[in-house]
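# Remarks on the overall topology
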Amino acid sequence: MTLTTTLPRSAAIGPDEAAAAGPFAAEVHGLHLTYSSPQGRTTGVQDVSFTVPRGETVALVGESGSGKSSVVSALAGLLPDNGRIEAGQLTLGGRDVTSLTDRQWRPLRGTVLGYVPQDPLGSLDPLMPVGQQIAESVAQARGVGSTEAAQAALELLDHVGILDAAHRYRSYPHELSGGQLQRVLIASALAGRPEVLIADEPTSALDVTVQKRILDLLTSLQREFSLTLILVTHDLSLAAERADRVVVLRHGRVVEQGPVDEVLHRPVHEYTRQLFSDVPALNPDKYADRLAEAAEGRRGTPAGREPAAWGISVRGLSKSFVPGVRAVDHVGFEVEAGEIHALVGESGSGKTTIARIVAGLTGFDGGEVEVFGERLGRTPGVVNTSPERLQLVYQNPLSALNPRIPVERLVAEPLRIRGLGRREALEQAQRMLDRVGLGRDLWRRKASQLSGGQRQRVAIARALVLSPSVLVLDEPTSALDVTVQAQIVDLLFDVRDQYGLTFLLISHDLSLIRQVADTVTVLERGALVESGPVREVFEESTQPSTRALIDAVPRPTREATR
């Protein structure tokens, strides 16, 4: 099905006007943004300039707080109430949009400019079927009636690859997967077939194969509808693979920009060189020496060891949440003490379920699970009676940490629960915060007052304060930019070496797994595909599902997409 008859190019900027507007679909010149706060106005972006050639993909990259989202919010007329453009000019298709009011922006949204926000669940109405939400976008962008809008919305759902679109039209957001929700947002953004599409971190929460499908979809739509794409991402390997040009921002300023191959292979600014050096896909052997040294230290134990010598032993593990449907189906693997073992697979493969079972948070139906020789019961207890055995670091530290308590008390809390006195618990917590790189000036702040990387350090400190033998890490860096991710990984290696920890690591970032893990277990629909040393699995596997995961990892060149 094609939409050439149902998605007319916006009348606001037709072909003749586009040609007259010049070679750039979007331009930013000397942009200076400020934000108001109780402490006064602060600068968010200063003297930012770049152009977006028609039909190309331009990626905005940089660490958290670099100004990426502020720039695209200004370009889309979506600055928050406390944001203000102090200087500069913004143009779309040759039209100055710097000072447009909401009323003036209304006919441009969805027709001249489409916007795919970062968080699907936070951007969609949970009480309205997704098809109806797309139909509203169509009606607003094209000025058509409800019947025609509903038909166009159905065609859009089909066009972006939603299977059984007629059924999914009536689905609510919570009934769809992350990849399906992202497709819904893309369909809504294409309601008026815009000339420019802004995609703000469109794949940050998706596993690697779903990420590839979404990016392939965007590339296909870009070619079909002659879209110009502005891609905001903290994944530099993704930018290197998919973009024509890259703009590198830091502290609200552009430090470097140019064709992606030039910036990738011949970066000029030291910050750009550091960014690319932190990308796992570009530096797969960054931790090879540390992994080899730790492995050497574990050698000397004869083969055929007793089960108690393993850090984690899982045999024949099965778990069903719905009768007749196994979320985990006879899975087995073993993790050597002091080893970093990874669980990988698509969403729904059973990774998190297995991790929660090993952590003693979820019961299981069959099989055996042992942690340093201690066998877990099939039904977890209400209270963790052996917290020094294993601790879990959650994916989202903000949701896992009490927002009303200063971080020093958050880290001290497990010690208090174990019966330690208030003063001694606080002193131990402060020492642990210091060890994970959080200075004294942060100890009395609350979690909401910290950056993403700082919160993750607090979560790690809270897990370590009881001196566990095993850390289960559930996507510990998925929401972090590449620089902060590298800092957290460095920290994890440091604490592993210092405390002799065993890690069970879950991540959808296979380039990170390739970089940091000793061994890996590949899962598919709850079943074991294969398990073994990382290099062996990544380089020699012939299993189709494993190869599909590996082939979906963004590569540092765009050869496959050109």
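You'll find the structure just up there.
Overview of the structure.

Basis of the calculations
- Residues numbered from 1 in each chain as written.
- Predicted model: local features only at pLDDT ≥ 70, side-chain atom pairs only at ≥ 80, totals over all residues.
- Heavy atoms only, no water.
- Helix = DSSP H or I, 4+ residues; strand = E, 2+ residues; numbered from the N terminus.
- Rg over C-alpha atoms; globule rule 2.2 N^0.38 Å.
- Buried < 20%, exposed > 50% of the residue type's maximum accessible area, 1.4 Å probe, protein only.
- Contact = heavy atoms within 4.5 Å.
- Areas by Shrake-Rupley, 256 points an atom, 1.4 Å probe, with all protein chains shown as cover.
- Lys, Arg positive; Asp, Glu negative; His and termini not counted.
- Charge placed at Lys NZ, Arg CZ, Asp CG, Glu CD.
- Polar contact = N/O pair within 3.5 Å; in protein donor to acceptor, adjacent residues only side chain to side chain.
- Pairing = 2+ DSSP bridges.
- Axes fitted to C-alpha atoms, helices over the stretch in contact; angles between N-to-C directions.
- 1 Å grid on protein atoms, 1.4 Å probe; cavity = no way out; pocket = protein on both sides within 12 Å on 5 of 7 lines; lining within 4 Å.
- Points joined across faces, edges and corners; volume = space filled by probe spheres on them.
- Expected span 1.5 Å × (residues − 1).
- Phe/Tyr/Trp six-rings, centres within 6.5 Å; stacked < 30°, edge-to-face > 60°.
- Lys NZ or Arg CZ within 6 Å of the ring centre and 35° of its normal.
- Salt bridge = Lys/Arg side-chain N within 4 Å of Asp/Glu carboxyl O.
- Parallel < 35°, antiparallel > 145°, perpendicular 65-115°, else oblique.
- Left-handed = near helix turned anticlockwise from the far one by under 90°.

### Some details on the overall build of the protein
Scanning the protein from N- to C-terminus turns up 22 helices and 20 strands. Relative to the globule expectation of 24 Å for 562 residues, the C-alpha radius of gyration of the protein, 25 Å, shows essentially globular dimensions. Seen through its principal axes, the protein has C-alpha atoms that stretch 75 × 55 × 45 Å. For the protein, with 562 residues in total, the buried portion stands at 53%. Sequence separation of 24 or more characterises 70% of the internal contacts of the protein that already satisfy a separation of 6 or more. Total accessible area on the protein is roughly 24,800 Å²; 48% of this is exposed by carbon and sulfur atoms. Once the 59 positive and 68 negative side-chain charges of the protein are each reduced to a mean point, those two points are 5 Å apart.

### A closer look at the side chain of E530
Turning to its location among the elements, E530 is positioned in strand β20 (residues 527-533). There is a polar contact of 2.4 Å between the side chain of E530 and the side chain of S541. Here T546 takes part through its side chain, which lies 2.7 Å from a polar atom of the side chain of E530. Once residues within four sequence positions are removed from consideration, E530 is found in contact with V520, T521, V522, V537, S541, Q543 and T546.

### Some thoughts on the sheet that holds strand β1 (residues 24-37)
Strands sit in the order β2-β1-β4-β5 across an open sheet of four strands; the sheet is antiparallel. Both edges of this open sheet fall to β2 (40-53) and β5 (95-96), since each of them pairs with a single strand only. Where β1 lies against strand β4 (residues 83-92), eight bridges are found, and the strand directions are antiparallel. By the bridge assignment for β4, V28 is matched with L90. Along the sheet, helix α2 (residues 68-75) makes contact with β1, β2 and β4, crossing β1 at roughly 110°.

### Remarks on empty space enclosed by the protein
Under the counting rule described, the total for this entry stands at four cavities of 30 Å³ or more. The calculated volume of the largest cavity comes to roughly 340 Å³. Lining the largest cavity are 27 residues, and of these Q211, H234, D235, H508 and D509 sit closest to its centre. Going through the elements one at a time, α9 (208-225), α10 (236-242), α19 (482-499) and α20 (510-516) are the ones with two or more residues in the lining of the largest cavity.

### Observations concerning helix α6 (residues 146-159)
Relative to the 20 Å expected for 14 residues at 1.5 Å per residue, α6 spans 20 Å between its end C-alpha atoms, a close match to the ideal helical length. Among all positions in α6, only A149, A152, A153, E155, L156, L157 and H159 are buried. Positive backbone phi, approximately 90°, marks G161, located one or two places after α6.

### Looking at the environment of I162
Here I162 is to be found in the loop between α6 and α7 (165-168). When its relative accessible area of 4% is taken as the criterion, I162 is described as buried. Along the primary structure I162 and T353 are separated by 191 residues, whereas in three dimensions their C-alpha atoms are 27 Å apart. When sequence neighbours within four positions are dropped, the list of residues in contact with I162 reads L157, R168, Q180 and R183.

### So, the pairing of strand β7 (residues 196-200)
Taken across its five residues, β7 has five buried, putting it largely inside the fold. Taking every second residue as pointing to the same face, both faces of β7 are buried, with V196, I198 and D200 on one and L197 and A199 on the other. Note: strand β6 (residues 113-116) against β7, four bridges, orientation parallel. For L113, the partnering residue across the bridge sits in β7 and is V196.

### Looking at the environment of A486
With respect to the element layout, A486 can be found in helix α19. The spatial distance from the C-alpha of A486 to the C-alpha of V279 is 8.1 Å, given a sequence separation of 207 residues. Once residues within four sequence positions are removed from consideration, A486 is found in contact with D278, K286 and Y287.

### Notes on the packing of aromatic side chains
Within the structure shown, the criterion is met by one aromatic pair. When the centroid spacing of 4.5 Å and the interplanar angle of 10° are considered together, the rings of Y287 and F493 count as stacked. You can see Y287 sitting in the loop between α12 (270-277) and α13 (288-298) and its partner F493 sitting in helix α19, a full 206 residues away along the chain. By relative accessible area, which is 3% here, Y287 ends up buried. We classify F493 as buried; its relative accessible area is 2%. Between the NZ or CZ atom of K319 and the centre of the ring of F321, over which it lies, the distance is 4.9 Å.

### Brief notes about the pattern of salt bridges
Counted by the stated rule, this structure contains 26 salt bridges. Residue D216 is joined to R242 by a salt bridge in which the shortest nitrogen-to-oxygen separation is 2.9 Å. Of this pair, D216 sits in helix α9 while R242 sits in helix α10, placing them 26 residues apart in sequence. Accessibility expressed as a relative area gives 31% for D216, which makes it partly exposed. Since its relative accessible area comes to 9%, R242 is described here as buried. Between R535 and D285 there is a salt bridge; the shortest N-O distance is 2.8 Å. Taken together, the positions of R535 in helix α21 (residues 534-540) and D285 in the loop between α12 and α13 put the pair 250 residues apart, joining distant regions of the chain. Overall, R535 belongs to the partly exposed group, its relative accessible area being 42%.

### Looking at the sheet that holds β6
On the basis of which strands lie adjacent, the open sheet formed by six strands has the order β6-β7-β8-β3-β9-β10 and mixed pairing. The open sheet has two edge strands, β6 and β10 (253-259), and neither has a second partner. Recorded for the sheet is a direction-independent mean angle of 15° between the axes of neighbouring strands.

### Section: the packing of helix α16 (residues 407-417) against helix α18 (residues 452-464)
For any two helices packed against each other, the geometry comes down to the angle between their axes and how far apart the axes lie. Viewed as axis vectors pointing N to C, α16 and α18 meet at an angle of 25°, and their least axial separation amounts to 8 Å. With respect to each other, α16 and α18 are oriented roughly parallel. For the pair α16 and α18, the crossing hand works out as right-handed. Each of V407, L410, V411, E413 and P414 in α16 lies in contact with α18, whose residues at this interface are V458, A461 and R462.

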